[in-house]
Amino acid sequence: MKYDLLLQHGEVVDPGSKLRGLMDVGILGGKIVEVAKGLDAAQARKTFSVKGRYVLPGLVDCHAHIAVNGHNMGIDTDRFCRASGVTTMCDAGSCGSSNFASLRYLVDTAVRTRAKAFVNLSTIGITGARVCGELSFERYADPEGCARTIAENQDFAIGVKLRFGPNLVWDYSDAPFKVARKAADMAGTPMMAHITQTPLPMPEILKHYKPGDIITHCYHGGTNGIMGPERQLILKEVVEAQRHGVIFDCAHGRSGHFSFPLIEKALDQGFLPDTISTDLTFEGATLGPVFDMPTTMSKLLHFGVSLDDVVLRTTRNPARMLGLEGVVGTLKPGAAADVAVLELRDEPVELRDSDGHSLTAKRRLINHLTLRGGRVWYERPN
Ligand SMILES: [Zn+2]
């Protein structure tokens with residue numbers, strides 16, 4: 001037998017690998033082995049007809065949270081991820097140098113979703129944030145511990161996370177960025193900064209950025225975002241930074257991080273994020289407005305982003321951020337057989353942003369089948 005599993009007659013959408021069109025996907029030994037028209041079903045142990053559906057690389061969510069407040073999505077991470085076609089995700093700084101080992105233990109023992117993590121600059125990570133931000137006190141900033149934690153977890157930790165927003169930092173100046181920069185340089189990794197509603201203009205923040213560093217929540221609608229205080233035109237410094245390799249990630253999140261009016265304006269001016277992620281937490285997954293990756297993708301489709309542009313930003317681009325390009329986020333032969341089979345269903349759906357706006361879209365993406373390492377990991381019951 002040439003294939004353990006064969007997905008037949010689906011529309012392959014993998015712009016990162018320049019694979020597009022009606023093709024079959026052959027899988028053997030947990031890897032993709034062939035993507036072409038008319039593969040021989042007699043050579044397959046198991047076949048799936050995915051006619052009328054889109055066949056994507058397993059989705060890569062580069063900003064989500066397994067362990068806010070110590071657990072949160074925790075052991076439910078797989079349940080949320082596999083149902084939504086996400087096979088790889090990244091915990092974006094739930095834990096810092098003092099509690100990163102607990103995240104690592106959780107992932108090693110109870111999470112099958114492929115996972116990476118950013119280490120929070122704050123030694124306590126995101127814990128008790130409803131009471132006080134993790135960097136409300138300068139003493140919690142631990143650049144040395146953060147760099148050491150990354151060095152001790154090279155196969156798992158990929159960078160430094162700073163949350164810079166209301167009630168999160170000890171000083172609303174560029175001081176926290178200097179400390180995050182120091183930690184990232186010591187670790188030799190990128191830094192990701194959550195930036196929302198700040199008194200510091202984006203060009204000031206970008207002075208601390210190097211290519212490969214990440215601005216997350218780039219579609220927030222507060223002051224001093226990618227359009228500056230007036231919120232009319234994309235700042236030239238933002239366009240310049242993106243051209244030079246700074247990554248703009250539009251992590252959705254629950255409150256104040258993802259604004260429909262701002263998205264509309266940004267897209268009118270041709271500003272697309274480099275990666276699309278959910279900032280998923282247990283609350284975001286169960287109460288919304290995030291729910292999951294297909295719902296977040298549907299929102300960008302509604303505003304006119306093409307399916308290929310959305311898929312590139314949820315597969316190849318985030319895989320590159322996580323250091324996994326060519327391994328996941330692609331259907332190229334040789335890659336892990338992580339696959340998501342989605343339907344773009346024409347039906348009205350109410351979508352909400354994280355600022356209280358809602359709209360009715362005409363269609364939405366629905367995940368039907370998830371493969372992880374060549375095995376069926378989720379099949380939608382219907
Ligand atoms: Zn987050």
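Residues numbered from 1 in each chain as written. Predicted model: local features only at pLDDT ≥ 70, side-chain atom pairs only at ≥ 80, totals over all residues. Heavy atoms only, no water.

Student: I tried to follow the pattern of salt bridges on my own but got confused; where do I start?
Tutor: Scanning the entire structure with this criterion turns up 23 salt bridges. A salt bridge links D185 to R181, with the nearest nitrogen and oxygen atoms 3.1 Å apart. Linking D185 with R181, this pair stays in helix α4 (residues 175-187), spanning four residues, or about one helical turn. The shortest N-O distance in the salt bridge between D213 and R181 comes to 2.6 Å. With a gap of 32 residues between them, D213 in the loop between α5 (202-206) and β11 (214-216) and R181 in helix α4 connect regions that are remote in the sequence. (Salt bridge = Lys/Arg side-chain N within 4 Å of Asp/Glu carboxyl O. Helix = DSSP H or I, 4+ residues; strand = E, 2+ residues; numbered from the N terminus.)

Student: Can you help me understand the coordination of the zinc ion in this one?
Tutor: Ideal donor angles around a metal are set by the shape: a four-donor tetrahedron calls for 109.5 degrees, a six-donor octahedron for 90 or 180 degrees. Within the protein, H63 (NE2), H65 (NE2) and D279 (OD) serve as the donor atoms for the zinc ion, at 2.0 to 2.2 Å. Ordering the donors of the zinc ion by residue number gives the pattern H-x1-H-x213-D. With H65 in the loop between β6 (59-64) and α1 (77-83) and D279 in the loop between α7 (260-268) and α8 (282-286), the pair connects residues that are 214 residues apart, well separated along the chain. Take H65 and D279: they sit in the same class, and that class is buried. (Donors = N, O, S within 2.8 Å, 3.2 Å for Na, K, Ca; no water. Buried < 20%, exposed > 50% of the residue type's maximum accessible area, 1.4 Å probe, protein only.)

Student: Help me out: how do you make sense of the nonpolar core in this one?
Tutor: Counting 83 residues, the largest nonpolar core has Y209, I215, Y219, I226 and F248 as the members making the most contacts within it. Both domains that furnish three or more residues to this core are identified here as domain 1 (3-56 + 333-347 + 358-379) and domain 2 (59-321). Counting 18 residues, the second-largest nonpolar core is a separate cluster that includes V12, V50, A337 and L369. (Core = buried A, V, L, I, M, F, W, Y, C linked by side-chain atoms within 4.5 Å. Domains from an automatic or database assignment.)

Student: What am I meant to see in the packing of aromatic side chains here?
Tutor: The geometry of an aromatic ring pair is captured by the separation of the ring centres together with the interplanar angle, meaning the angle of the planes. Taken as a whole and judged by the stated rule, the model has eight aromatic pairs. Ring plane angle 70° and centroid distance 6.5 Å describe the contact between F258 and F260, whose orientation is recorded as edge-to-face. In this structure F258 comes out as buried when scored by relative accessible area, which is 0%. With a relative accessible area of 4%, F260 lands in the buried category. Here the aromatic residues F164, Y172 and F177 are joined through ring pairs into a cluster of three or more. (Phe/Tyr/Trp six-rings, centres within 6.5 Å; stacked < 30°, edge-to-face > 60°.)

Student: I would appreciate a short explanation of the sheet that holds strand β8 (residues 114-120) in the present structure.
Tutor: Adjacent strands of a sheet pair through backbone hydrogen bonds, lying either parallel or antiparallel. Read from one edge of the open sheet, seven strands run β6-β7-β8-β9-β10-β11-β12, paired in parallel fashion. Looking at which strands have only one partner, the edges of the open sheet turn out to be β6 and β12 (247-249). When the angles between neighbouring strand axes are averaged without regard to direction, this sheet yields 25°. Along the sheet face, helix α2 (residues 100-110) touches β7 (86-96), β8 and β9 (157-164) and points at about 175° away from the line of β8. (Pairing = 2+ DSSP bridges. Axes fitted to C-alpha atoms, helices over the stretch in contact; angles between N-to-C directions. Contact = heavy atoms within 4.5 Å.)

Student: Sorry if this is basic, but what is going on with the environment of D355 here?
Tutor: When you line up the elements, D355 lands in the loop between β13 (339-352) and β14 (358-372). On the basis of relative accessibility, which here comes to 33%, the residue D355 falls in the partly exposed class. A sequence separation of 32 residues divides D355 from G323, and the C-alpha atoms of the two residues are 32 Å apart. Every residue in contact with D355, bar those within four places of it in the chain, is listed here: G221, G256, H257, F258 and S259.

Student: What is the right way to read the domain arrangement of the protein chain from this model?
Tutor: Interfaces are often described in size by the accessible area the parts lose on coming together. Segmentation of the protein chain into domains returns domain 1 (3-56 + 333-347 + 358-379) and domain 2 (59-321). Counting each side, the surface lost to burial between domain 1 and domain 2 is near 2200 Å², with a carbon and sulfur contribution of 64%. For the domain 1 face of the interface with domain 2, the top three residues by lost area are L365, R372 and W377, together amounting to 32%. Applying the counting rule to domain 1 against domain 2 returns two salt bridges. D308 is paired through a salt bridge with R20; the nearest N and O atoms lie 2.8 Å apart. Inspection of the domain 1/domain 2 interface yields seven residue pairs in polar contact (both at pLDDT 80 or more). Listed by contribution, the elements that provide at least two residues to the side of domain 1 that touches domain 2 are β5 (54-57), β13, β14 and β15 (375-379). The element contributing the most residues to the side of domain 1 that touches domain 2 is β14, with 11 residues. (Buried area = accessible area lost by both parts, 1.4 Å probe. Polar contact = N/O pair within 3.5 Å; in protein donor to acceptor, adjacent residues only side chain to side chain.)

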